[in-house]
Amino acid sequence: MALPFCPSQCTCVFHGRIDGTGTRSVLCNDPDMSDIPVNVPVDTVKLRVEKTAVRRIPTEAFYYLVELRYLWITYNSITSVDTGSFYNLKVLHELRLDGNMISVFPWESLKEMPRLRTLDLHNNRLTSVAPEAIPYLLNITYLDLSSNKLTTLPSDLMDIWPPLNGVPISSNASQKVVLGLQDNPWFCDCKISKLMEISKMADTPVILMDLFLTCAAPENLAGVLFQRAELENCVKPSVMTSATKITSTLGSNVLLRCDASGSPTPDLYWTRSDGSSVNNTVQESPGEGINWSIMSLHGVEYKDAGSYSCKAKNVAGTAKATISLTVAGTMSTTTPPLRPSAGTGPTSQGTALTPPNDISKSQVTAPTVLPGSLTTLSAGQKPPKLISSNGSQKGLLKETKQQQEGNGKKFAADEKSKKRDDSRAVKDLEIVEQTADSAVLLWTAGGLLNDAPLTVVYSPYGEDDSKRTVESKAGSGKVLLDGLSPGMRYSVCLVAKVSAAGKDPCIDFYTEDSEQSKLFFIISGIACVLVLPLIALLVYKILALYCNGRNAPSDENELENESYVKFETISMKQRTLTSHPTELWARRPTNESERLLLCSRSSIDSQMTYKSDSSRSEYLC
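Residues numbered from 1 in each chain as written. Predicted model: local features only at pLDDT ≥ 70, side-chain atom pairs only at ≥ 80, totals over all residues. Heavy atoms only, no water.

### Section: the overall build of the chain
- For the chain, the count of helices and strands is six helices and 35 strands.
- Across the 621 residues in the chain, those meeting the buried criterion constitute 33%.
- Here the analysis covers contacts within the chain between residues at least 6 apart in sequence; of these, 57% occur between residues at least 24 apart.
- On the chain, roughly 36800 Å² of surface is accessible, and the fraction owed to carbon and sulfur atoms is 54%. (Helix = DSSP H or I, 4+ residues; strand = E, 2+ residues; numbered from the N terminus. Buried < 20%, exposed > 50% of the residue type's maximum accessible area, 1.4 Å probe, protein only. Contact = heavy atoms within 4.5 Å. Areas by Shrake-Rupley, 256 points an atom, 1.4 Å probe, with all protein chains shown as cover.)

Following this line, the structure appears as structure tokens:
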């Protein structure tokens, strides 16, 4: 037990009244204090531990302070808080832990403080609020999480306060909730869309300490106020049903369907009027942002009557649609009237009765599920018993069995023929114009009307979870499939909106590989750059040879006239006085004029020959 005196490092004050009653408050602010004091007077109502060296709040640190209503442990060095730190604080009203270094807060510890209304955690190092904390914050009216490192909040957190919790907005001050969320690096996406929605409301029970909350990320919204931020791919769900009230007969089978849309794709849940969940459901998402669910009830009874709610939920919000089911009538036990068999009549031995020939058809029903509707399947009836008083019961049973088998075969043949007709409703599927990211699907509308609706369902081969749909008409005969990935195998099927007994026609195809296409174009370009100049040069050479062949000189004189040098013997000519001593002038006779050729001495000497003393010198150039 704690001693009745005040701890040495604390100050205790008793606030007395005239009637002798009062309250005690304790202040511990010694900088050298490193642990939570354990000898605080048991009648303490308010305890403040401020600006100390305390780093941890141990388990059951205040379990004996059963009258404690205000606990302030502020601006210390606390980094760790145990789950049982606040054990037995049943009347605590206010808990302040601001100004510490808490990175993880044990939210489940709040269940030890059922009367807590104020929780101050600002100026710490919190990085997240766990979804498990939501049930423990229902009664909190003052929550300060400002000046932390929060980037997001659980999408369901804002649903616990009006107006998102469905409670009508009231001017009653007791319903007001104060939130401190400023000075956090918020990542503005669909997860905090509800908080952003509240910040835009003019009159709401949720009061923000700072109305000018801003986004820190993503980059395109950095520095943008919540009131002005526009989020992409964030749409509240909507639920659709075609009927709100359904009446079904006792013992029938009931199928209820609802469709939902939203971004991200919402999940669907079915609940009864008492809030209990319904398990016998199935749901499927045919495309991004779309989902549907079917709930089945087999052999309905009176206890199954009531309201069934289909709830759609995503991080942007929730939506709900309700269908009321009424069960009426009684279980049908009436058998079809019996008539005498052909060729028989009343005799002294008795009357043989057989069921009608079309009894098989009358007892066969097939369920049809329509979007947002209810389907009732009547319970099948058993064939009547055949009675004979003359011992011929076996023969009559055999005859009746043969009639029923014949009718059953005929009905099965009709169903088989119907399946064949339905399967030929859409045919000749063909994929054309494949590219790296698109393809065109062609088909022929066999037995369907031109305006009959069709749904084109396509997805990567073997990946049914990523199906996409395109709505079209049977008479259009083609549809563009876009948004494909290059170099992949895809499956595409045509689904008729009407009930079809056969298998939906499908076809597989491959998209082109973008890398191979690029490589092909590059190689083709290089080939064109190299080959075209060669072709041009070759054509030029051919044309040049062709032209030269036509313009060739016809006689020797023309050739001589066009030649600049003619190889012949030239004669020496005396040098002029101004000529260089190493140069000799030589001339050759031509028909036009004389042209002088300058030859060096070495060239002349190398080509000179001496035939005789009297012979003249000859030079060859």
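### Digging into the sheet that holds strand 15 (residues 245–249)
- What the four strands build is an open sheet, ordered 15-21-20-17; its pairing is mixed. On the outer flanks of this sheet lie strand 15 and strand 17 (267–272), each paired with one strand and no other. Averaged over all pairs of adjacent strands, the angle between their axes in this sheet comes to 25°, without regard to strand direction.
- Alignment of strand 17 against strand 20 (residues 306–314), held across six bridges, turns out to be antiparallel. When the bridges of strand 20 are listed, Trp270 appears paired with Cys310. (Pairing = 2+ DSSP bridges. Axes fitted to C-alpha atoms, helices over the stretch in contact; angles between N-to-C directions.)

### Quick word on the side chain of Ser309
- Checked against the element boundaries, Ser309 lands in strand 20.
- A residue is classified by how much of its surface remains accessible, and Ser309, at 9% relative accessible area, is buried.
- Of the polar contacts made by the side chain of Ser309, one reaches the side chain of Thr322; its length is 3.3 Å.
- For Ser309, the residues in contact, after removing those within four places along its chain, are Tyr269, Trp270, Thr271, Lys320, Ala321 and Thr322. (Polar contact = N/O pair within 3.5 Å; in protein donor to acceptor, adjacent residues only side chain to side chain.)

### Focus on the packing of aromatic side chains
- Using the criterion set out here, one finds three aromatic pairs in the structure.
- Note on Phe105 and Trp107: the rings are 5.0 Å apart at their centroids and 75° apart in plane angle, and the pair reads as edge-to-face.
- Assessed through its relative accessible area of 5%, Trp107 is described here as buried.
- Ring centres of Tyr490 and Phe509 lie 5.8 Å apart, and the angle between their planes is 15°; this geometry places the pair in the stacked category. In this pair, Tyr490 is assigned in strand 30 (residues 489–496) and Phe509 in strand 31 (residues 506–510), connecting sequence segments 19 residues apart.
- According to the relative accessible area criterion, Tyr490 is buried, its value standing at 4%.
- According to the relative accessible area criterion, Phe509 is buried, its value standing at 3%.
- Positioned above the aromatic ring of Trp292 is the side chain of Arg257, whose terminal nitrogen or guanidinium carbon lies 4.6 Å from the ring centre.
- A cation over a ring is seen here: Arg489 above Tyr461, with NZ or CZ 3.7 Å from the ring centre. (Phe/Tyr/Trp six-rings, centres within 6.5 Å; stacked < 30°, edge-to-face > 60°. Lys NZ or Arg CZ within 6 Å of the ring centre and 35° of its normal.)

### Some words on a nonpolar patch on the surface
- Residues Ile522, Ile526, Val529, Leu530, Val531, Leu532, Ile535, Val539 and Leu543 make up a contiguous nonpolar surface patch of about 840 Å² in total accessible area.
- Here Val531 is to be found in helix 4 (residues 514–550).
- Judged by relative accessible area, Val531 falls into the partly exposed class, the value being 40%. (Patch = residues over 30% accessible without salt bridge, like charges linked within 9 Å, V, L, I, M, F, W, Y side chains within 5 Å. Salt bridge = Lys/Arg side-chain N within 4 Å of Asp/Glu carboxyl O.)

### Some details on the UniProt feature "transmembrane region" (unreviewed entry) in the chain
- The positions that UniProt labels "transmembrane region" (unreviewed entry) are, in the present scheme, residues 519–540.
- Within residues 519–540, the helical portion is 100% and the strand portion 0%, while the C-alpha atoms at the span's ends are 32 Å from each other. (UniProt positions renumbered as here; feature names shortened; annotations may be inferred.)

### As for the pattern of salt bridges
- Tallied over the entire structure, the rule returns 12 salt bridges.
- Asp159 is the partner of Lys194 in a salt bridge, and the nearest nitrogen-oxygen pair spans 2.8 Å. Of this pair, Lys194 sits in helix 1 (residues 193–199) while Asp159 sits in the loop between strand 9 (142–144) and strand 10 (177–180), and the two are 35 residues apart along the sequence.
- We note a salt bridge from Asp508 to Arg489, for which the minimum N-O separation is 2.9 Å. Within this pair, whereas Asp508 is found in strand 31, its partner Arg489 is found in strand 30, the two being separated by 19 residues in sequence.
- When its relative accessible area of 34% is taken as the criterion, Asp508 is described as partly exposed.
- One network of salt bridges, in which partners are shared, links Glu94, Arg96 and Asp120.

### Looking at the sheet that holds strand 30
- The strand order across the open sheet formed by four strands is 28-27-30-31, and the pairing between neighbours is antiparallel. Edge positions in the open sheet fall to strand 28 (468–473) and strand 31, since each of these has one partner strand only. When the angles between neighbouring strand axes are averaged without regard to direction, this sheet yields 25°.
- Two strands pair when backbone bridges link them, and strand 30 and strand 31 are joined in this way by five bridges, in the antiparallel orientation. Counted as the bridge partner of Cys493 is Cys506 from strand 31.

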